[in-house]
Each structure stands twice: as C-alpha cells, then as structure tokens.
Amino acid sequence: MPAKSNRSAEPTKSDELTYKSYLDLDTLLRAQKPVSAAHDEMMFVILHQTYELWFKLMLFELDRIQGVLSARTVADADLRLLSAGLSRSVNIMELLIRQLAIMETMTPLDFLDFRHVFRSASGFQSLQFRELEVRLGLRPEERVGYDGKSFENFLPDEDRAALHRVMKQPALIDQVGAWLARTPFVEMGGFSFWKSYRKAVVEMIGHDRAAILRNRHMTAAAREMELGKLHNMQAQFDLLFGEGEEELPWRFPKKALQAALFINLYRDQPALQVPFRVLSSLMDLDETMALWRYRHALMAQRMLGTKMGSGGSTGHEYLAATASKHRIFRDLFALSTFLIPRSKLPKLPAQVADRMAFKYWDEKTAKRSISSRTGSGKLAG
Ligand code: HEM
C-alpha cells in the first residue's frame, strides 16, 4: 500500500495518501445499510456487495481480453495477457462459489426475518451479472424462459438501455471464433490438417469396425452394441465433415472449429501451448459459471424450498435450468468427441512442425542450436 502520494515532490498534509483515502473506505464502509433489525441482514448485504465488486473486476479483465482480441492480429505477448485475464476470472469464480457457504451460515428461518424487506428486488436485476453473460456470448434466444417475458423486462429502464448498448458489441465467443479461424499452420504449404485428419479418422473407424467383426470372443449382442456405438461415432464425424455451415450445431464457424481441434490435437507443439491454455481457461470459466449457477440454485432451494423467488421466477427450478442451459463455450467441450489417440494422429510435415517450434539460435552466427521440446530443431553450422 503506498504510504504517500507521488503526485508532487513535496506533498502537503492534505495530499497525503493513507490506507483509508487510497481505498476510499469512508464511501465503501458507509454503503452497508440494512433496513431491518435482523442480525443476518448485514451479512446478506455485504455478501451481495462483495459479489458486485468481483463482477466489476471480471468485467474489467474482460475489457482487456476483448481489447486484445479486437486487434486484426493478436501478438504472442498479448496472448499471454489473454490467458492471464481468463485465469484471474476463473479464480474469482471459484471464490464466488465458495462464498455461498457464508450465506448458508444463515438459517432459512433467520432469512424470513428480513426477506420481506426487498420485496421484488432480486439478484435477477444485477446489471453487472447480465453484462458478464452478454459479453461472454449468451444470446437472448438461449435464455431459460422467465414468466413468459424477456429477462430485460425486469430491469429498470436505464439498465435495460445500458444492456442494449452492450448487446451491440462483439461477444467474447465470436471474437475467439474469429481469432481461431485465423490460426496459421492449419493449412500451410501443401499441408491440409483437415484432409489428413479426415483420412486418419476414416482409417481409425475402418480399423475399429474390422476389429469388432474379427473378434470371435464377442457374443452377437455385444457385437451389435459395439457396432452401434461405432455407428453413432461415425454419424458425429459425418456431421463434422459435412459441407456447408448452416446445418452445423456449433456456434463457432467451421474454420474456427477446425483450428480449435488442431490446437487440441497438437497442443504439445510449442507454438500451440498458449492458445491451448486460452481454450482451457475458456472452458474453466464456462464450467465455474455453471457450477456457481447450480450451487446458487441449491442454496436458493435450501432457503426457499419451492417458494417463488423475490423476482417472480419459479426459484430453484428456474435457477437449476440456467445451470445446464446458460452455457457459452459448449463447442470447446464438444470437441472432445473428435479427439483421436496420439498414436492415430497424422504426423505433421517437417516444415509445419519446424514453424511451430521455438528456436534459440542465431541464424547468422549459427554455431549451434538447441532443439525445441518437439525435437524438430537442427544443429546448424
Ligand atoms: C439467501 C440468499 C439468496 C437467495 C434465496 C437467492 C435466490 C434467488 C432466486 C430465487 C433467483 C431467481 C430470480 C428470482 O425469482 O428472484 C435468484 C437470481 C439471482 N441471484 Fe440470488 N439468491 C440469494 C443470494 C444471492 C447472492 C449472494 C448473489 C450474488 C450476487 C445472487 C445473485 C443472483 C443472480 C445473479 C441471479 C440471476 C440468475 C439468473 O437469472 O440466471 N443471489 N436468486
């Protein structure tokens, strides 16, 4: 904590920065105003306020993340910022999940001592939470129905207008899609990842089918079941390899999906390690948000049973539905369907692997080189 202001060389007494003034504690600590005499209301207020502060920080991180992704090309150094911002946000979400346990130190009966004071006010009206959802990429048509009306109807006019402005901005998921679609290496020189991957998949499925048919120790029922599983898998791959983007069940454009798969399959390549971490962090964020939603739904059930929420929803039932439906980065999870074992993975051509390796030698003096972890480096000179 800085002890003094560095705004002027010789600070006057009134300029002096203290712990209290730096953090504006007078404002912060005056903002807790429980309206009832119930002891637990102070905890209820503070807990909600801390949530809003953490939401504020997540939105602040998102500013930088989305700023980085709005560039026409994303520099390697900026990619690290992206990964750092996402990782911080995931840690915040984990903290937010744990914080609900503090709420549960209040009994449902004690909650009833003051629940009436906030009438129809509800976390449902948290503008920052809505902004977070919208900026990550949750679309209105994907939302769980709420009393037959759009969730926006429950916001005050000025908040609704603010949210509409946010909705007009590009969402993170679409920015990530555009960034993925620009991934080099997927098509390079004569190499086409998609063609070689498809060939490997066809061979793998053919091999698996032959192995099932050859297996004389299998009962007819077991064989039928295994062939059925293979048939399902084939159907999923057919969809993946199908032409045209319209009928695809994924939100990412096809090129982005292919690149995300490439990054997942070849993530051991040095150049793909940070992109892989970014994709993992996006999944972590999606997962921790879903966990928070479900954890909050359970807490609401403990407090309210099957009573309606103060905002007018069905309470637990509505909240539990949002945990499974309000997912944003589903495509990244779905990619696991299409991973194939490393042993079946097409080997990358030397010139592609070479471009993805880190090199630590000076081409001019070229005394020696240190091979990268892929082993693709060469001894020069
Ligand atoms: C006793 C504690 C709590 C109860 C019983 C409770 C209950 C509910 C209920 C029933 C809803 C659905 C909307 C409605 O009908 O009101 C809701 C929504 C919400 N609550 Fe809470 N809540 C509690 C604490 C919290 C806390 C500490 C936060 C932190 C910010 C929070 C944030 C939210 C948010 C963001 C929503 C909107 C969720 C969505 O629509 O997806 N709640 N809450």
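Residues numbered from 1 in each chain as written. Predicted model: local features only at pLDDT ≥ 70, side-chain atom pairs only at ≥ 80, totals over all residues. Heavy atoms only, no water.

Caption draft 1: Representation of unusual backbone geometry in the model. You will see that Asp24, though not glycine, has its phi angle at about 50°, which is positive. Relative to the assigned elements, Asp24 resides in the loop between helix H1 (19-22) and helix H2 (25-29). One non-glycine residue with positive phi stands out, namely Phe185, at about 80°. Among the secondary structure elements, Phe185 is positioned in the loop between helix H8 (172-181) and strand S1 (187-188). On the basis of relative accessible area, Phe185 is assigned to the buried category, the value being 11%. (Helix = DSSP H or I, 4+ residues; strand = E, 2+ residues; numbered from the N terminus. Buried < 20%, exposed > 50% of the residue type's maximum accessible area, 1.4 Å probe, protein only.)

Caption draft 2: Geometry of the coordination of the iron atom of the ligand. A lone protein donor contacts the iron atom of the ligand, and this donor is His296 (NE2), found at 2.2 Å. You can see His296 is positioned in helix H12 (residues 273-304). (Donors = N, O, S within 2.8 Å, 3.2 Å for Na, K, Ca; no water.)

Caption draft 3: Quick look at the site of the ligand. Neighbouring the ligand are 29 residues; Ser122, Arg130, His296, Ser313 and Tyr318 lie closest to it. A distance of 3.2 Å separates an oxygen atom of the ligand from a polar side-chain atom of Arg293. A distance of 3.4 Å separates an oxygen atom of the ligand from a polar backbone atom of Gly312. Judged by its atoms lying within 2 Å of the grid points, the ligand is housed in the largest pocket. Top element by residues in the shell around the ligand is H12. It accounts for 7 residues. Broken down by class, the residue content of the shell around the ligand amounts to 16 nonpolar, 11 polar and 2 charged. (Near = heavy atom within 4 Å. Polar contact = N/O pair within 3.5 Å; in protein donor to acceptor, adjacent residues only side chain to side chain. 1 Å grid on protein atoms, 1.4 Å probe; cavity = no way out; pocket = protein on both sides within 12 Å on 5 of 7 lines; lining within 4 Å. Sits in = over half its atoms within 2 Å of the grid points. Nonpolar A, V, L, I, M, F, W, Y, C, P; charged D, E, K, R; others polar.)

Caption draft 4: The arrangement of helix H7 (residues 157-167) in detail. The complete set of buried residues in H7 reads Asp159, Ala162, Leu163 and Val166. Buried residues of H7 fall within an arc of 100° about the axis and therefore sit on the same side. Counted as exposed and oriented over 90 degrees from the buried face of H7: Asp157, Glu158 and Arg165. Contact partners of the buried residues in H7: helix H6 (127-136). (Arc of directions from axis to C-beta. Contact = heavy atoms within 4.5 Å.)

Caption draft 5: Region of interest: the layout of surface pockets. Its boundaries defined by the atoms lining it, the largest pocket holds a volume of some 1200 Å³. Lining the largest pocket are 46 residues, and of these His48, Ser122, Gly123, Phe124 and His296 sit closest to its centre. Of the residues forming the lining of the largest pocket, the biggest block, 9 residues, is contributed by helix H3 (residues 41-69). Partitioned by chemical class, the residues of the lining of the largest pocket number 24 nonpolar, 15 polar and 7 charged. In this structure, the second largest pocket encloses a volume near 510 Å³. Considering the residues around the second largest pocket, the lining is formed by 22 residues, among which Asp76, Leu79, Phe185, Ala271 and Pro275 are closest to the centre. Where the lining of the second largest pocket is concerned, the elements lending two or more residues are helix H4 (76-103), H8 and H12. With 4 residues, the top contributor of residues to the lining of the second largest pocket is H12. When the residues that make up the lining of the second largest pocket are grouped by side-chain class, the tally is 15 nonpolar, 3 polar and 4 charged. (Points joined across faces, edges and corners; volume = space filled by probe spheres on them.)

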